[in-house]
Amino acid sequence: MEPVGNQIRAELSRVGADSGAGDAVTAWPTAVGEEIARNAWPARTQPDGTLVVHVRDAIWGFELTQRAREISDRLPGRPRLRFTPGPLPETSAEPSAPAPVEASPEQAREAAELTAGIVDPNLRDSVAKAIKAALARTPHDRPV
C-alpha cells in the first residue's frame, strides 16, 4: 500500500500547485470530508501565507468562505483561506451520468396522445420527448 502523501504530491504537481501547501493538502480530505474534498482542493500558498483553495464554482466558493474559520481551525498552522474557482484533481469516484433510456412504442404512443392538443409543433415535440423520458424511467427511478 502506497502512502497517500505521495499521491497527493503527484496530484499537486499535475494541477500546478506548489509544495508550500503540502501540510494543508495532506490534511485537507480529513479536515473537510469527502464531499467538500471532491469540490474544493488546496492549490497554492501565497507569500503572505494565505492558502488558495480551488473550488468547482462560485457557489462552492461562497459556501466555503462562510465556513473558512471552521475549516482553517482543522488545518495545520490554521492558515487564512481564499476560495476561488479553478482546476480540481480528477477523481474516479465522480458519479457518471445515467444511461439514456428508450421509451417503448406504447410509451411513445401515450406521449403523443397526451400532447396532441398542443398547437405549436416545436413545443409539442419537446413536451412529448419529456413525457417519453419520464414514462421510460423505471418505477424505482421516479421521484416520490
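Residues numbered from 1 in each chain as written. Predicted model: local features only at pLDDT ≥ 70, side-chain atom pairs only at ≥ 80, totals over all residues. Heavy atoms only, no water.

> Explanation requested: the overall build of the chain in the structure shown.
In terms of helices and strands, the chain carries 7 helices and 3 strands. The 144 residues of the chain split such that 31% are buried. Residue pairs at least 24 apart in sequence account for 57% of intrachain contacts in the chain once pairs closer than 6 positions are excluded. Of the accessible surface of the chain, which amounts to about 9700 Å², a share of 55% is contributed by carbon and sulfur atoms. (Helix = DSSP H or I, 4+ residues; strand = E, 2+ residues; numbered from the N terminus. Buried < 20%, exposed > 50% of the residue type's maximum accessible area, 1.4 Å probe, protein only. Contact = heavy atoms within 4.5 Å. Areas by Shrake-Rupley, 256 points an atom, 1.4 Å probe, with all protein chains shown as cover.)

> I'm lost on the pattern of salt bridges in this one. Help?
Pairs may arise between side chains of opposite charge once their charged atoms sit close together. The final tally for this structure, using the stated rule, is 7 salt bridges. As a salt-bridge pair, Arg-38 and Glu-35 come within 2.4 Å of each other at their nearest N and O atoms. Here Arg-38 pairs with Glu-35, and both are found in helix H3 (residues 34-39), just 3 residues apart, close to one helical turn. Judged by relative accessible area, Arg-38 falls into the partly exposed class, the value being 21%. The salt bridge involving Glu-70 is made with Arg-67; its shortest N-O contact spans 2.9 Å. By relative accessible area, which is 32% here, Arg-67 ends up partly exposed. (Salt bridge = Lys/Arg side-chain N within 4 Å of Asp/Glu carboxyl O.)

> Teacher, can you tell me more about the nonpolar core here?
It is characteristic of soluble globular proteins that their nonpolar side chains tend to be buried jointly. Ranked by size, the top nonpolar core spans 20 residues in total, and within it Trp-28, Ile-71, Leu-75, Leu-81 and Phe-83 carry the most contacts. Secondary structure elements with two or more residues in this core: helix H2 (22-32), H3, strand S1 (40-45), strand S2 (51-55), helix H5 (68-73) and strand S3 (81-85). Top element by residues in this core is H2. It accounts for 6 residues. When sequence neighbours within four positions are dropped, the list of residues in contact with Ile-71 reads Trp-28, Val-32, Leu-64, Leu-81 and Phe-83. (Core = buried A, V, L, I, M, F, W, Y, C linked by side-chain atoms within 4.5 Å.)

> Sorry, what's going on with H2 here?
Every α-helix winds through 3.6 residues per turn, so residues three or four apart in the chain are directed the same way. Of all the residues in H2, the buried ones are Gly-22, Ala-24, Val-25, Ala-27, Trp-28, Ala-31 and Val-32. The first or second residue beyond H2 is Gly-33, which carries a positive phi of 90°.

> Honestly, the packing of helix H6 (residues 105-115) against helix H7 (residues 121-136) in this entry has me stumped. Any pointers?
The angle between the axes and the distance between the axes are what describe a pair of packed helices. Where H6 meets H7, the axes come as close as 9 Å, and the angle between the chain directions of the two elements is 140°. The angle between H6 and H7 places the two elements in the oblique class. Classified by chirality, the crossing of H7 by H6 is right-handed. Across the interface between the two elements, Gln-107, Ala-108, Glu-110, Ala-111, Leu-114 and Thr-115 of H6 pack against Arg-124, Val-127, Ala-128, Ile-131, Lys-132, Leu-135 and Ala-136 of H7. (Axes fitted to C-alpha atoms, helices over the stretch in contact; angles between N-to-C directions. Parallel < 35°, antiparallel > 145°, perpendicular 65-115°, else oblique. Left-handed = near helix turned anticlockwise from the far one by under 90°.)

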